[in-house]
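# Tertiary structure, described
Next come the chains, spelled out residue by residue.
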Amino acid sequence: SVDFYGNIPVVSLRKEPLESPLNRIIKRLFDIFFSLLVITLVFSWLFPILMLLVKITSKGSIFFKQERSGEDNKTFICWKFRTMTVNVDAHSLQATKNDIRITKIGRFFRKTNIDELPQFFNVLNGSMSVVGPRPHMIKHTEEYSSLIKNYLVRHFVKPGITGWSQVNGLRGETTELDQMTNRVEFDIWYIENWTFLLDLKIIIKTVINMVIGDENAF
């Protein structure tokens, strides 16, 4: 942070909330509890239905897995329900509005965030958190880290299934640099202002968006 004494700028160092071991323990315990709750109460009956829908509507595997950038910019495998037809550009090109690669059931999955549900297993194994900056493809991390100042700050914490950027409408395709810049600013704000209650607020807003649908989800 920068303070001014008269006309003299003074840079002060301060700890972020999630630098505290106690806060990290609280967040991790909640991640374990919440992911186990979802896996036990929701996956046990919903997963077979969703897997069947994916399988009968298009050829290919039920799940889509992709290397993404995680905490400390370490690579991990992110899991999703497959929402596209099998294609060679799946690991390099973002989904676009009216993307012909997206299946009919996949469009519904993406609109309601159902395709992200397998990531609760990522949360359980510790590679993700329920709430945090969304993990990007390795290609995008390499590209935007050289274009956007402080881009890599978003990797100071675990990536999330949902995040402050997403519930504020900053999701979907990024066709302009400003779109990603704004997303990064929201991610950094989240890191600097994290509280347990903020995580709960984001989860509630995510559930609401799942019910009403998100116009930027495609």
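Notes on the structure in this doc start here.

Calculation rules
Residues numbered from 1 in each chain as written. Predicted model: local features only at pLDDT ≥ 70, side-chain atom pairs only at ≥ 80, totals over all residues. Heavy atoms only, no water. Patch = residues over 30% accessible without salt bridge, like charges linked within 9 Å, V, L, I, M, F, W, Y side chains within 5 Å. Areas by Shrake-Rupley, 256 points an atom, 1.4 Å probe, with all protein chains shown as cover. Salt bridge = Lys/Arg side-chain N within 4 Å of Asp/Glu carboxyl O. Helix = DSSP H or I, 4+ residues; strand = E, 2+ residues; numbered from the N terminus. Buried < 20%, exposed > 50% of the residue type's maximum accessible area, 1.4 Å probe, protein only. Phe/Tyr/Trp six-rings, centres within 6.5 Å; stacked < 30°, edge-to-face > 60°. Contact = heavy atoms within 4.5 Å. Core = buried A, V, L, I, M, F, W, Y, C linked by side-chain atoms within 4.5 Å. Axes fitted to C-alpha atoms, helices over the stretch in contact; angles between N-to-C directions. Parallel < 35°, antiparallel > 145°, perpendicular 65-115°, else oblique. Left-handed = near helix turned anticlockwise from the far one by under 90°. Nonpolar A, V, L, I, M, F, W, Y, C, P; charged D, E, K, R; others polar.

### Topic: a nonpolar patch on the surface
A surface patch of nonpolar side chains, amounting to about 510 Å² of accessible area, comprises Ile 204, Val 207, Ile 208, Val 211 and Ile 212. Structurally, the position occupied by Val 207 is in helix α7 (residues 196-212).

### Some points on unusual backbone geometry
When glycine is set aside, most residues are seen to have a negative phi, and most peptide bonds are trans. Within the chain, Asn 113 stands out as a residue other than glycine whose phi angle is a positive 70°. Inspection of the secondary structure puts Asn 113 in the loop between α2 (104-112) and α3 (119-124). Residue class for Asn 113 comes out buried when judged on its relative accessible area of 12%. Of note in this structure, Asn 150 is not a glycine but carries a positive phi near 65°. Its place among the elements puts Asn 150 in the loop between α4 (138-144) and β6 (160-162).

### Examining the packing of aromatic side chains
The geometry of two aromatic rings is summed up by the distance between their centres and the angle between their planes. Considering all chains together, one arrives at 15 aromatic pairs under this definition. Considering the side-chain rings of Phe 63 and Trp 79, the 5.9 Å spacing of their centres and the 80° angle between planes classify their relative orientation as edge-to-face. Pair noted here: Phe 63 is in strand β3 (residues 63-69) and Trp 79 is in strand β4 (residues 75-81), with a separation of 16 residues, a long-range link. Residue class for Trp 79 comes out partly exposed when judged on its relative accessible area of 35%. Ring plane angle 55° and centroid distance 5.9 Å describe the contact between Phe 81 and Phe 109, whose orientation is recorded as tilted.

### What to know about the environment of Ser 129
Within the secondary structure layout, Ser 129 lies in strand β5 (residues 129-131). Residue Ser 129 is classed as buried on the basis of its relative accessible area, which comes to 1%. Taking the C-alpha atoms as reference points, Ser 129 and Gly 163, separated by 34 residues in sequence, lie 9.8 Å from one another.

### A short note on the side chain of Lys 80
Relative to the helices and strands, Lys 80 is located in strand β4. Excluding its chain neighbours within four sequence positions, the residues that come into contact with Lys 80 are Ile 62, Phe 63, Phe 64, Arg 68, Arg 110, Asp 115, Glu 116, Pro 118 and Gln 119.

### Focus: the nonpolar core
If you look at the biggest cluster of nonpolar residues, it comprises 32 residues, and the most contacted ones within it are Leu 117, Phe 120 and Tyr 190. For this core, the elements supplying multiple residues, two or more each, are α1 (21-57), β4, α2, α3, β5, α5 (164-167), α6 (177-192) and α7. With 9 residues, α1 is the single largest residue contributor to this core. Among the nonpolar cores identified, the runner-up in size contains 7 residues, and Tyr 151, Met 180, Val 184 and Ile 188 belong to it.

### Let's talk about the packing of α1 against α7
Between α1 and α7, the least distance of the axes is 11 Å, while the angle of their chain directions is 30°. When the axes of α1 and α7 are compared, the pair comes out roughly parallel. Note that α1 runs across α7; the crossing there is right-handed. Counting all contacts with α1, which are made through Ile 26, Lys 27, Phe 30 and Phe 34, the residues of α7 involved are Phe 196, Asp 199, Leu 200 and Ile 203. By residue class, the composition of the contact of α1 with α7 is 6 nonpolar, no polar and 2 charged.

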